[in-house]
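Residue-level structure breakdown
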Amino acid sequence: QVQVVESGGGLVQAGGSLRLSCVASGGILRLQYYIMGWYRQAPGKQRELVAVLSSDGSPNYADSVLGRFTFSRDNAKNAGFLEMNNLKIEDTAVYYCRASRGGRDYWGQGTQVTVSS
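Here goes a summary of the coordinates provided.

What counts, and where the lines are drawn
Residues numbered from 1 in each chain as written. Predicted model: local features only at pLDDT ≥ 70, side-chain atom pairs only at ≥ 80, totals over all residues. Heavy atoms only, no water. Pairing = 2+ DSSP bridges. Helix = DSSP H or I, 4+ residues; strand = E, 2+ residues; numbered from the N terminus. Axes fitted to C-alpha atoms, helices over the stretch in contact; angles between N-to-C directions. Phe/Tyr/Trp six-rings, centres within 6.5 Å; stacked < 30°, edge-to-face > 60°. Buried < 20%, exposed > 50% of the residue type's maximum accessible area, 1.4 Å probe, protein only. Lys NZ or Arg CZ within 6 Å of the ring centre and 35° of its normal. Salt bridge = Lys/Arg side-chain N within 4 Å of Asp/Glu carboxyl O. Disulfide = S-S within 2.5 Å.

**Considerations on the sheet that holds strand β8 (residues 79–84)**
As summarised here, the arrangement of the four strands in space is β1-β3-β8-β7, forming an open sheet in which the pairing is antiparallel. Edge positions in the sheet fall to β1 (3–7) and β7 (69–74), since each has one partner strand and no second. The sheet shows a mean angle of 15° between the axes of neighbouring strands, direction not considered.

Take a look at the structure:
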């Protein structure tokens, strides 16, 4: 089964850093040809877009993470990465990876990021 899988979440103090990974598995999904996105959902809130990476590698970020988060892709590893720096308590959420292209839309199961004071 083709899917994307996130990893790298955890517990970190405010001001710290984490690096999330999103890898494709179970098929011939080549992430370099897909629009990739990182979303997050905090308790009691709607899922929101954090960052998106187009197939040409151009990133865009939500205002809330601009300057702190960096979205990149390693085509050789068939993976995407979200580098999160200067984390804030309000960044606490489950983070989801998404890969979409045409009629194909893949979501991961999510990875928990918890930022403590």
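Past the structure itself, the notes keep going.
**Topic: the packing of aromatic side chains**
Counted under the stated rule, the structure contains three aromatic pairs. Aromatic pair tyrosine 34 and tyrosine 106: ring centres 6.2 Å apart, planes at 55°, arrangement tilted. Highlighted residues: tyrosine 34 in the loop between β3 (18–25) and β4 (35–41) and tyrosine 106 in strand β10 (residues 104–107), separated in sequence by 72 residues. Tyrosine 34 gets classed as buried once you look at its relative accessible area, which sits at 6%. Ring centres of tryptophan 38 and phenylalanine 71 lie 6.4 Å apart, and the angle between their planes is 65°; this geometry places the pair in the edge-to-face category. In this pair, tryptophan 38 sits in strand β4 while phenylalanine 71 sits in strand β7, placing the two residues 33 residues apart along the sequence. Across this residue pair, the class does not change: tryptophan 38 and phenylalanine 71 are buried. For arginine 47, the ring lying beneath its charged end belongs to tyrosine 96, and the centroid distance is 3.7 Å. Of note, arginine 47 hangs over the ring of tryptophan 107, and the distance from its end group to the ring centre comes to 4.9 Å.

**Notes on the pattern of salt bridges**
A complete count under the given rule lists five salt bridges for this structure. The residue arginine 19 makes a salt bridge to glutamate 83 at a minimum N-O spacing of 3.6 Å. Here arginine 19, found in strand β3, pairs with glutamate 83, found in strand β8; they are 64 residues apart in sequence, far enough to count as distant. Its relative accessible area of 43% is what places arginine 19 among the partly exposed residues. Given the relative accessible area of 29%, glutamate 83 is considered partly exposed. A network of salt bridges, in which partner residues are shared, links Arg40, Glu48, Arg68 and Asp91.

**What to know about the pairing of β4**
In terms of burial, β4 is a largely internal element, five of the seven residues being buried. The sheet contact formed by β4 and strand β9 (residues 93–101) spans seven bridges and is antiparallel. Pairing of isoleucine 35 across the sheet is with serine 100, part of β9. Connecting β4 to the antiparallel partner strand β5 (residues 48–53) that follows it, the hairpin turn spans six residues, and glycine 44 within it adopts a positive phi of roughly 80°.

**A closer look at the state of the cysteines**
Taken as a whole and assessed by the stated rule, the structure comprises one disulfide. For cysteine 22, the disulfide goes to cysteine 97, at an S-S distance of 2.0 Å. With the S-S bond torsion at -75°, the cross-link from cysteine 22 to cysteine 97 turns out left-handed. In this pair, cysteine 22 sits in strand β3 while cysteine 97 sits in strand β9, placing the two residues 75 residues apart along the sequence.

Read these as layout, nothing more, since geometry by itself doesn't imply function.
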